[in-house]
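What the coordinates show
Take a look at the letters that make up each chain.
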Amino acid sequence: MALVNSANLDVANTALVTSVNAIFEKIAPGSFSQWCDVIPASGTSIEVPVVDGLPQVREWIGPKQYIDLRAYTLNVDRRKWEATFSLPRTLVDGDKSGVLTQRISAFAGRAATAYDFVMYDALIDNTLLTYDGQALLANSHPNVNGTTADNLTTSALTFAELRTGIETLEDLTDEGGEPLLMSPSLLVVGPELKRLGHELTGSFRPVAMKNDGVLDGTSSIVAATGFDNFDGGQLGLLVSPRIRNSEWLVMDVSKPGLRPFILGEFRKPEIVALTDMRDLPRFESDEYRWSLEFDASPVPAAWQCAYGSVTA
């Protein structure tokens, strides 16, 4: 359809706005939803209360022992996002090729990936603080069985490092020493590690053998064999182009309501079109404008669900 007059422009705008609204009618699209829950929010901020350190069971001898539970509150401000473009009115109204129409309609696709953009940036930047005052991935999460926990690594992704990440999450306890029963279920990588990711999460694991019989060697290799891949066999694989270079994470996303991140959704993405002849941009500059807008705040949630290597 060519945009040759205001009537056609109205049709294009209606189709654009309708398609964007349909995208977000139910659950937001994008792979981020595999490791992030979207929750409705209102007001100027979102507040996340957390209570840690439930008491351990003990033999009842003498008076009961009461403990004060450690309570945290994380408050995150409402954040606003936009993507805006403009086109001259004469160019749009005079388009007979349909090219401009296609580009305007494609803007709906940008709305479909808006949350992916926000959430992967937050995940990889690793600067937002969780309820304990640390980033999602950090070297010193406090109050873990009387000490600190480290879920940030600088090591490259290998079979051995993946096993370290899995064991780290599985060994986590709460403040009182009770196992958290983490069960890593997802490996997240970018295109650079796609092939390795498939090897790590596949059912078969190739193993190099050194001349002294030691497995998983990196030098003096004389043979190769293979085993059932119990380490990665429990993991799904998520490959996202928004993960850069050698960055990777292993996550437990198997528990409903427990995720490394949540996204507080104050206002769903929507398209605002300034294409009326009386709109100020048209009146002053003789141009049409379209803007994708939404209000949403990424919030690091259960750091105990994630282990990995990022830029921070």
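Right above here is the structure, for reference.
To start, this report covers the structure provided alongside it. Keep in mind that this is a model prediction, so the values were computed, not measured.

Turning next to the side chain of Asp-252. Note that Asp-252 resides in the loop between β11 (248-251) and β12 (261-274). Overall, Asp-252 belongs to the buried group, its relative accessible area being 0%. One polar contact links Asp-252 to Ser-254, side chain to side chain, over a distance of 2.6 Å. Looking at Asp-252, its side chain comes within polar contact range of the side chain of Lys-255, at 2.5 Å. Beyond its immediate chain neighbours, meaning those up to four positions away, Asp-252 contacts Leu-181, Met-182, Ser-183, Pro-184, Ser-185, Leu-258 and Cys-305.

With that settled, consider the pairing of β11. Consecutive side chains of a regular strand alternate in pointing toward one face of the sheet and then the other. Neither face of β11 is open: one carries Trp-248 and Val-250, the other Leu-249 and Met-251, and all of them are buried. Bridging between strand β7 (residues 186-189) and β11 involves 4 bridges; their strand directions are antiparallel. Across the sheet, Val-188 pairs through a bridge with Leu-249, a residue of β11. Bridge count for β11 against strand β14 (residues 306-309) is 4 bridges, and the pairing is antiparallel. Within β14, the position partnered with Trp-248 by the bridge is Ser-309.

Further remarks concern the layout of surface pockets. For the largest pocket, the calculated volume is near 380 Å³. The biggest single contributor to the lining of the largest pocket is strand β2 (residues 45-52), with 5 residues. Of the residues assigned to the lining of the largest pocket, the class counts are 13 nonpolar, 2 polar and 4 charged.

Within the open sheet, the 4 strands sit side by side as β10-β7-β11-β14. Their pairing is mixed. Either end of the sheet is taken by a strand with one partner, and the two such strands are β10 (236-239) and β14. Along the sheet, successive strands turn relative to each other by an average axial angle of 15°, direction set aside. As defined by bridge partners, β7 adjoins β10 across 4 bridges and the pair is classed as parallel. Bridge assignment links Leu-187 to a residue of β10, and that residue is Leu-237.

What follows is about the pattern of salt bridges. Evaluated as defined, the whole model comprises 11 salt bridges. Among the salt bridges present, the one from Arg-89 reaches Asp-286, with a minimum N-O distance of 2.6 Å. Placement of the pair is Arg-89 in helix α2 (residues 89-93) and Asp-286 in the loop between α7 (280-285) and β13 (287-300), with a sequence separation of 197 residues. Since its relative accessible area comes to 22%, Arg-89 is described here as partly exposed. One salt bridge in this structure joins Asp-276 and Arg-278, with 4.0 Å as the shortest N-O distance. The exposure class assigned to Asp-276 is partly exposed, which follows from its relative accessible area of 36%. Residues joined in a network through salt bridges with shared partners are Arg-89, Asp-93, Arg-282 and Asp-286.

The rules behind these values
Residues numbered from 1 in each chain as written. Predicted model: local features only at pLDDT ≥ 70, side-chain atom pairs only at ≥ 80, totals over all residues. Heavy atoms only, no water. Helix = DSSP H or I, 4+ residues; strand = E, 2+ residues; numbered from the N terminus. Buried < 20%, exposed > 50% of the residue type's maximum accessible area, 1.4 Å probe, protein only. Polar contact = N/O pair within 3.5 Å; in protein donor to acceptor, adjacent residues only side chain to side chain. Contact = heavy atoms within 4.5 Å. Pairing = 2+ DSSP bridges. 1 Å grid on protein atoms, 1.4 Å probe; cavity = no way out; pocket = protein on both sides within 12 Å on 5 of 7 lines; lining within 4 Å. Points joined across faces, edges and corners; volume = space filled by probe spheres on them. Nonpolar A, V, L, I, M, F, W, Y, C, P; charged D, E, K, R; others polar. Axes fitted to C-alpha atoms, helices over the stretch in contact; angles between N-to-C directions. Salt bridge = Lys/Arg side-chain N within 4 Å of Asp/Glu carboxyl O.

Purely geometric stuff here, so don't read any function into it on its own.
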